[in-house]
Every structure is written in C-alpha cells, then in structure tokens.
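Chain by chain, the residues run as shown.
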Amino acid sequence: MLLRSTLIYAPAILLTRISALLLLVIVTRLIDQTEYGLLTLVVTVGEMTDIAVTNWLRIALLRLGGKGDVSRGSLMLAGRVLLATTALALIVSVVASALIVPERWVEFSIAVGSYLIAGAVGRFALTVLQMQQRHSVYSMLEFLRAVLQLALPIGAIILFQDSFLTVSLGTSLGVLIAGIVAGIMASRRVVAGPPRFTQKEFFALGVPLVIMALVGFGLNSAERLFLKVYYDAGAVAIFAAAYALARQPIDMVANAINMGAFPEVVSRFDEEGPAASGRLLSQLMALMIRLCLPVAAMLVALSSEITQLLLPSQYHGRVGLLFPIIAFSVLCGNLTSFVYGTVVHAHKRPWLLIIATSFGSVATIALSLLLIPSMAEVGAALALAGGSLMGLVACVMISERLTPVPVPWRDIGVSAVISFATGLAASISSALLTDGPTILSLVGGGTAGAVVFFGLTWLFHPAATMQFVGKLRARLRTA
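Just so you know, these numbers come straight off a predicted model, no measurement behind them.

The rules behind each value
- Residues numbered from 1 in each chain as written.
- Predicted model: local features only at pLDDT ≥ 70, side-chain atom pairs only at ≥ 80, totals over all residues.
- Heavy atoms only, no water.
- Helix = DSSP H or I, 4+ residues; strand = E, 2+ residues; numbered from the N terminus.
- Buried < 20%, exposed > 50% of the residue type's maximum accessible area, 1.4 Å probe, protein only.
- Contact = heavy atoms within 4.5 Å.
- Areas by Shrake-Rupley, 256 points an atom, 1.4 Å probe, with all protein chains shown as cover.
- Axes fitted to C-alpha atoms, helices over the stretch in contact; angles between N-to-C directions.
- Parallel < 35°, antiparallel > 145°, perpendicular 65-115°, else oblique.
- Nonpolar A, V, L, I, M, F, W, Y, C, P; charged D, E, K, R; others polar.
- pLDDT = per-residue confidence, 0-100.
- Phe/Tyr/Trp six-rings, centres within 6.5 Å; stacked < 30°, edge-to-face > 60°.
- Salt bridge = Lys/Arg side-chain N within 4 Å of Asp/Glu carboxyl O.
- Core = buried A, V, L, I, M, F, W, Y, C linked by side-chain atoms within 4.5 Å.
- Left-handed = near helix turned anticlockwise from the far one by under 90°.
- Patch = residues over 30% accessible without salt bridge, like charges linked within 9 Å, V, L, I, M, F, W, Y side chains within 5 Å.

Explain the overall build of the protein chain to me, and be specific about the residues and the numbers.
When helices and strands are tallied, the protein chain shows 17 helices and zero strands. Put simply, the protein chain has 479 residues, and 56% of those count as buried. Intrachain contacts of the protein chain at a sequence separation of at least 6 include 85% that bridge at least 24 residues. When the accessible surface of the protein chain is totalled, it reaches about 19900 Å², and 70% of it is carbon and sulfur.

So what about helix H9 (residues 222–230)? Which residues, and what values?
The element H9 is largely enclosed, with a buried count of seven among its nine residues. Taken as a whole, H9 has its buried residues at Ala222, Glu223, Arg224, Leu225, Phe226, Leu227 and Lys228.

I'd like a rundown of the packing of helix H11 (residues 274–301) against helix H12 (residues 303–310), residues and numbers included.
Any two packed helices are characterised by how steeply their axes cross, that is the angle between the axes, and by the distance between the axes. At a closest axis distance of 4 Å, the pairing of H11 and H12 adopts a crossing angle of 70 degrees. The orientation of H11 with respect to H12, classified from their angle, is roughly perpendicular. Contacts from Leu299, Val300 and Ala301 of H11 reach H12 at Ser303, Glu305 and Ile306. Looking at side-chain class alone, the contact of H11 with H12 contains four nonpolar, one polar and one charged residues.

Hey, could you go over the confidence of the model for the protein chain for me, with residue numbers and the actual values?
Taken as a whole, the protein chain shows an average pLDDT of 83; of its residues, 89% reach a score of 70 or greater. The secondary-structure element of the protein chain with the lowest mean pLDDT is helix H8 (residues 217–220), recorded at 60, while helix H15 (residues 409–432) shows the highest, at 93.

Please set out the side chain of serine 109 residue by residue, giving values where relevant.
Following the sequence through the fold, serine 109 ends up in helix H4 (residues 105–131). Aside from chain neighbours lying at most four places away, what touches serine 109 is Val94 and Ser97.

Explain the side chain of threonine 44 residue by residue, including any values.
Note on placement: threonine 44 falls in helix H2 (residues 33–64). The class for threonine 44 is buried, based on a relative accessible area of 4%. The contact partners of threonine 44, leaving out residues within four places of it in the chain, are Ser221 and Arg224.

Help me get a handle on the packing of aromatic side chains, residues and values and all.
Think of a pair of aromatic rings as described by two things: how far the centres are apart, and how the planes are tilted against each other in angle. Overall, the coordinates contain four aromatic pairs when judged by the stated rule. Aromatic pair phenylalanine 239 and tyrosine 243: ring centres 6.1 Å apart, planes at 15 degrees, arrangement stacked. Taken as a pair, phenylalanine 239 and tyrosine 243 lie in helix H10 (residues 233–272) at a separation of four residues, close to a single helical turn. Each member of the pair, phenylalanine 239 as well as tyrosine 243, is classed as buried.

Provide a residue-level description of the pattern of salt bridges, including the pertinent values.
All chains considered together, the criterion is met by six salt bridges. In this structure, arginine 145 and glutamate 142 form a salt bridge, with 2.8 Å as the shortest nitrogen-oxygen distance. Residue arginine 145 and its partner glutamate 142 are both found in helix H5 (residues 135–159); the two are separated by three residues, about one turn of the helix. A network of salt bridges, in which partner residues are shared, links Glu35, Arg104 and Glu107.

Which residues make up the nonpolar core, and what values do they have?
Ranked by internal contacts, the top residues of the largest apolar core, which has 92 residues, are Tyr36 and Ile326. Counting residues per element, this core draws most heavily on H10, at 18 residues. When sequence neighbours within four positions are dropped, the list of residues in contact with isoleucine 326 reads Phe239, Ala242, Tyr243, Ala246 and Ala381. Ranked by size, the runner-up nonpolar core spans 36 residues in total, among them Leu62, Leu64, Ala186 and Ala346.

Mind laying out the environment of serine 304, listing which residues take part and the relevant values?
Following the sequence through the fold, serine 304 ends up in helix H12. With relative accessibility at 36%, the residue serine 304 sits in the partly exposed group. Taking C-alpha positions, serine 304 is 9.4 Å from phenylalanine 323, a pair spaced 19 residues apart along the chain.

How would you explain the packing of H11 against helix H16 (residues 438–460) if you had to name every residue and give the values?
Between H11 and H16, the least distance of the axes is 11 Å, while the angle of their chain directions is 155 degrees. With respect to each other, H11 and H16 are oriented roughly antiparallel. The interaxial crossing formed by H11 with H16 has right-handed handedness. Here Arg290, Leu291, Pro294 and Met298 of H11 come into contact with H16, specifically with Gly446, Gly449, Ala450 and Phe453. Each residue belonging to the contact of H11 with H16 can be placed in one class, and the counts come to five nonpolar, two polar and one charged.

Before we move on, can you summarise a nonpolar patch on the surface with the specific residues and values?
Taken together, the side chains of Leu309, Phe420, Leu424, Ile428, Leu432, Leu433, Ile439, Leu440 and Val443 present a nonpolar region at the surface, about 840 Å² in accessible area. At the level of elements, H15 and H16 are the ones that each hand at least two residues to the nonpolar patch. Of the residues forming the nonpolar patch, the biggest block, four residues, is contributed by H15. Secondary-structure assignment places leucine 433 in the loop between H15 and H16.

See below:
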C-alpha cells in the first residue's frame with residue numbers, strides 16, 4: 001500500500017520540486033542576491049501564515065470529511081472558515097511586512113497577500129481531489145502548477161522589472177490558475193448532502209493546529225528573520241538557496257510517501273484500532289528512512305558540485321557547508337510531521353502538537369540568538385537543526401503515550417549502511433572526475449551512488465525491491 005501510494009503521488013511531487021529547483025537556478029541568475037533574499041522572505045512569511053490559514057484546513061477535512069463521496073455541505077462549511085481565516089491572514093501579513101521589511105513594506109505586503117490568496121484556493125481544491133481519491137487528476141494538476149510556476153515568473157522578469165515582486169506575483173498567478181482549474185474539476189464530483197461534521201468538531205480539531213502553526217514560527221522561520229535583522233537580505237539568500245537545494249530532494253520523497261499514507265493511517269486507526277495504525281506507521285518510518293537517508297548522503301557527498309553547477313559564483317563555497325546540517329534538519333522534521341505527528345492527528349488531539357512545537361521553536365530562537373551573530377548562515381543552519389531535533393524528541397515522547405510506534409531498528413541500521421556506501425561511492429566517483437566539467441563530475445558521482453544504492457537495496461531487501469519494480473512497471477503502463 002505504501003509503495004503504491006508513493007508511486008501515485010511521486011510524479012506530482014517530483015514535478016513541483018523540479019520546477020522549484022529550476023526556478024531557483026534561473027532566478028538567482030536573473031535578479032541580484034538582495035532581491036532573491038527578499039523573495040525568500042516572502043515565501044517564509046507566506047508559508048508561515050499559510051500553515052495557519054489552509055494547512056490545518058487540509059488536515060481537518062481529511063480527518064473529518066472522509067474519502068470517496070464529498071458532500072457539498074462539508075465543503076461549504078470549510079469554505080466559509082477558509083474565507084474568514086484568509087481575510088484575517090491578509091491583515092496580519094501587512095503588519096508583518098512593515099516589521100520585517102520596513103524599507104519596502106508595500107511591495108512585500110502585496111507579494112505576501114497574493115501568495116496567501118493563491119495558496120488558499122489551490123490547497124483547498126487539491127484537498128477535495130485527494131478526498132475524492134482522484135489521484136491521476138491530482139497529479140495532472142500538480143504538473144500544470146509546476147509548469148506555470150516556472151514559466152510565468154520567468155516571463156514576468158523578461159517583460160517587466162527584475163524584482164522580487166515580479167517573480168512572486170508570477171508564481172502566485174501560476175498557483176491561482178492551477179487552483180481554479182482544480183476547483184472546477186473537483187466540483188463536478190461533489191455530492192449533495194449535509195456536512196459530515198459539525199462546526200464545533202471542525203474548530204475543535206482546527207484551532208489547536210492554528211495555535212501550533214503560530215507557535216511553530218520559531219521552528220519554521222525564525223532563523224531567516226534573524227539573518228535579516230543581524231545581516232541583510234543577501235545573507236538570507238545564501239541560507240535560502242542552500243535550504244532549497246538540500247531540502248527539496250528529501251522532501252520530494254517524504255511527501256510522496258505521506259500524501260497517500262496519511263489518509264490510510266487515520267482510516268486504519270478508525271477501522272482496526274491504534275495497534276494496527278502503529279504497525280503501519282512503523283512501515284512508513286522504515287520506508288521513509290530507506291529512501292530519504294541515501295538521498296541525504298548523496299546531497300552531502302555532491303554538495304560542492306551541485307552548488308557550482310546550479311548557483312551563481314557569489315553563492316559558491318558558503319552554500320556547500322550548510323548541506324549536511326540542513327539535510328539532518330529536514331530528516332528530523334519529516335519524522336516529526338509524517339510519523340509521530342500522525343499519531344496525534346489519528347487520536348484527534350492536535351493540541352498536544354503545540355507542546356512539541358513549542359520546544360522546537362524555543363530551541364531554534366535561543367540558538368539563533370546565540371549563533372547567528374557570530375556564525376551567520378552556518379549559525380542559522382545549526383539553530384534550525386537544534387530546534388528540529390528538539391521538536392522530534394518532544395513529539396516522540398508525546399506520541400508514544402498515545403500509540404507506540406515500533407521503531408524498525410534493523411531497517412534503520414541497514415539503511416545507514418546503504419546510505420554510507422551510497423555517499424562514499426558518489427564522493428569517490430566525483431573526485432575522480434574533478435578535472436573535467438562540473439556536470440560530468442556530478443553525473444558520474446550521482447550515477448555511482450545510484451548504482452550502489454539500488455544494488456545494496458536489492459541485496460538487503462530483495463522482495464521489496466521486486467515489488468517496487470513490479471508496481472513501477474504497472475504504473476508506467478497505465479500512465
């Protein structure tokens with residue numbers, strides 16, 4: 001089941017991540033470092049606010065609205081809440097813009113507001129498609145979003161001025177167009193009927209998630225804002241570029257696993273009980289580590305080649321140092337959200353996540369104040385890593401009291417061995433090709449690492465490997 005859902009959602013996740021990486025490569029060459037830093041701050045503030053506005057809505061709908069037939073009453077209730085929270089978020093974003101970027105707060109608030117409106121429309125529509133189990137349509141619309149988010153910002157830069165506002169508005173327009181199309185397609189399968197949940201139930205599940213998002217400001221965004229305060233937007237650009245390159249490949253795999261796994265875990269919890277969902281989460285953890293850890297090892301081994309090939313010269317050197325720290329942070333964050341956080345959501349007790357998030361946020365803020373003034377971008381990465389680890393530990397302790405998740409120690413040990421060998425092979429092969437073009441060194445190292453990964457995975461997990469190959473062939477035949 002986990003492999004099947006991963007393969008279903010992988011193309012959608014892959015395309016959007018590739019689009020984001022291509023946009024990073026192109027935009028860092030078309031606009032200067034300060035403008036790119038401001039663009040990343042728009043995304044930071046937008047994501048932070050978006051989590052409180054729409055992400056909780058997705059979780060609440062998936063948890064309470066069921067899957068298959070989606071009633072019009074459920075969507076009307078959720079839509080009214082979304083409209084109110086988005087309006088509130090727009091007001092908050094204007095105040096935040098004046099505090100964070102006072103020198104250009106008007107442009108910044110316009111960019112953040114557009115980001116929030118487009119994100120609210122897009123995420124709501126895609127959530128309905130996910131509830132309707134229309135996986136192929138979901139993937140197709142994510143492909144459309146990926147194309148638009150790449151083409152429109154680049155076209156906007158060429159036609160208009162090369163500023164962060166131009167890029168941000170182009171990106172938001174792409175999200176909005178894809179969201180409108182998704183909404184039209186989702187509405188055709190909505191059935192008449194009352195909501196499957198009451199407004200009280202919706203808010204009882206949602207309000208703690210909103211509070212958690214606000215508390216999670218420190219864990220998710222603080223280090224970039226402190227970099228802006230202590231240094232400038234250029235320092236934010238360095239950190240953000242490293243974060244994007246180190247995060248996207250790992251997140252791509254983890255999100256592909258989680259997109260189908262989350263509804264299945266909560267469904268199994270309701271139908272078969274906590275123990276069954278705990279066993280499924282143990283399998284999810286094993287699969288996530290099995291796939292994400294080698295990706296992280298390859299990123300660290302090839303960090304120098306990746307930055308030289310993908311980023312302008314002013315980003316070189318400083319970005320590569322951040323890869324291992326950020327990769328560790330992302331792994332901790334994915335385990336927190338997709339494994340142990342899911343336990344809390346299954347029990348419908350999301351307020352407990354506020355506690356875990358608070359520990360992570362306090363740690364990130366404290367470490368940011370301590371490390372960023374003297375260590376700049378490296379200090380920001382270390383602060384993020386410390387906060388992510390603290391959040392993971394706290395979430396593990398909380399979730400284990402609800403439903404213990406068996407830790408697949410053997411799988412983790414095997415994955416660590418495979419990952420070390422994968423990274424070592426990539427590093428050695430890349431070093432042997434350093435005299436040639438950077439792309440040759442990168443391709444050689446990546447190919448060697450991939451061969452070692454697949455070979456050792458087949459050696460240690462032959463049944464799972466053959467199952468994966470079979471499902472992949474079936475997926476390709478039906479694509």
